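Descriptive structure summary
What follows is each chain in one-letter form.
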Amino acid sequence: GLANYFINKNFIGIDIKGARIWKGAKICKEKEISNVRFLRTKVDFIEKFFNQNEISEIWLTFSDPQPKKPNKRLTSPLFLNRYKKIIQKNGIIHLKTDSDLLYEYTLNIINENKYEIIENIDNIYTHITQLKNPLMESLNIKTFYEKKWLEKGKTIKYLSFTIH
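Structure report, in brief.

Basis of the calculations
Residues numbered from 1 in each chain as written. Predicted model: local features only at pLDDT ≥ 70, side-chain atom pairs only at ≥ 80, totals over all residues. Heavy atoms only, no water. Salt bridge = Lys/Arg side-chain N within 4 Å of Asp/Glu carboxyl O. Helix = DSSP H or I, 4+ residues; strand = E, 2+ residues; numbered from the N terminus. Buried < 20%, exposed > 50% of the residue type's maximum accessible area, 1.4 Å probe, protein only. Arc of directions from axis to C-beta. Contact = heavy atoms within 4.5 Å.

Here the focus is the pattern of salt bridges. Taken as a whole, this structure holds ten salt bridges when the rule is applied. Notably, a salt bridge pairs Arg82 with Asp44, separated by 3.6 Å at the nearest N-O pair. Of the two residues, Arg82 sits in helix H3 (residues 77–86) while Asp44 sits in the loop between strand E2 (36–40) and strand E3 (55–61), which places them 38 residues apart along the sequence. Comparing Arg82 with Asp44 shows no difference in burial state: the two are buried. Residue Lys154 pairs with Asp98 through a salt bridge whose shortest N-O separation is 3.3 Å. Separated by 56 residues along the polypeptide, Lys154 in the loop between helix H7 (144–151) and strand E6 (157–162) and Asp98 in the loop between strand E4 (87–97) and helix H4 (100–113) bring together distant segments of the chain. The buried category is assigned to Asp98, whose relative accessible area is 14%. Taken together, the shared-partner salt bridges connect Asp44, Glu47, Lys72, Arg82 and Lys85 into one network.

Next comes the structure, spelled out in structure tokens:
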């Protein structure tokens, strides 16, 4: 979805599940979207695939909140330290989630580490009209899981922040 809005940017989808990669690749081929590539790997190995300062933004959309494994959360210090090695200075991390646990956890990590919050929205669909383009367009893209959670009445939260 992001690649459709930002045709002058490149996107790399990372997932360990081949079916998700296949589905994304199929959609890109059908819609002739040429600014997307896919990498099938565990995000644990992200540093092995990107050079220092190579990435400008990281989008974490509907990541597993890992209720019993805080170190496996994609916004844990373990992962944020990995991102620091590949993200550009003032690069942005975006988190879009239905999980109160992950949202609150990430806010605590941001505050503990004195990272800079760019946007903090506890319910994007009550605030989306107040946002600036292109962020409004980006947040309006609904993933499979987002549609599923919205149907169940969950609120969708969004955070963006820098880690340098």
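Next comes the rest of the write-up.
A word on the environment of Gly24. Counting through the fold element by element, Gly24 comes out in helix H2 (residues 18–30). For Gly24, a relative accessible area of 16% puts it in the buried group. Each C-alpha atom, one on Gly24 and one on Phe38, is 8.1 Å from the other, the two residues being 14 residues apart in sequence.

Moving on to H3. Among all positions in H3, only Phe79, Leu80, Arg82, Tyr83 and Ile86 are buried. Taken end-on, H3 shows its buried residues confined to a sector of 155°, consistent with a single buried face. For H3, the secondary structure elements touched by its buried residues are E3, E4, H4 and E6.

Moving on, we get to unusual backbone geometry. Phi at Asn53 takes a positive value of approximately 65°, unusual for a residue other than glycine. Turning to its location among the elements, Asn53 is positioned in the loop between E2 and E3. A relative accessible area of 40% places Asn53 in the partly exposed class. The residue Phe62 is not glycine, and still its phi comes out positive at about 55°. Here Phe62 shows up in the loop between E3 and H3. Exposure remark for Phe62: the relative accessible area of 12% places this residue in the buried category.

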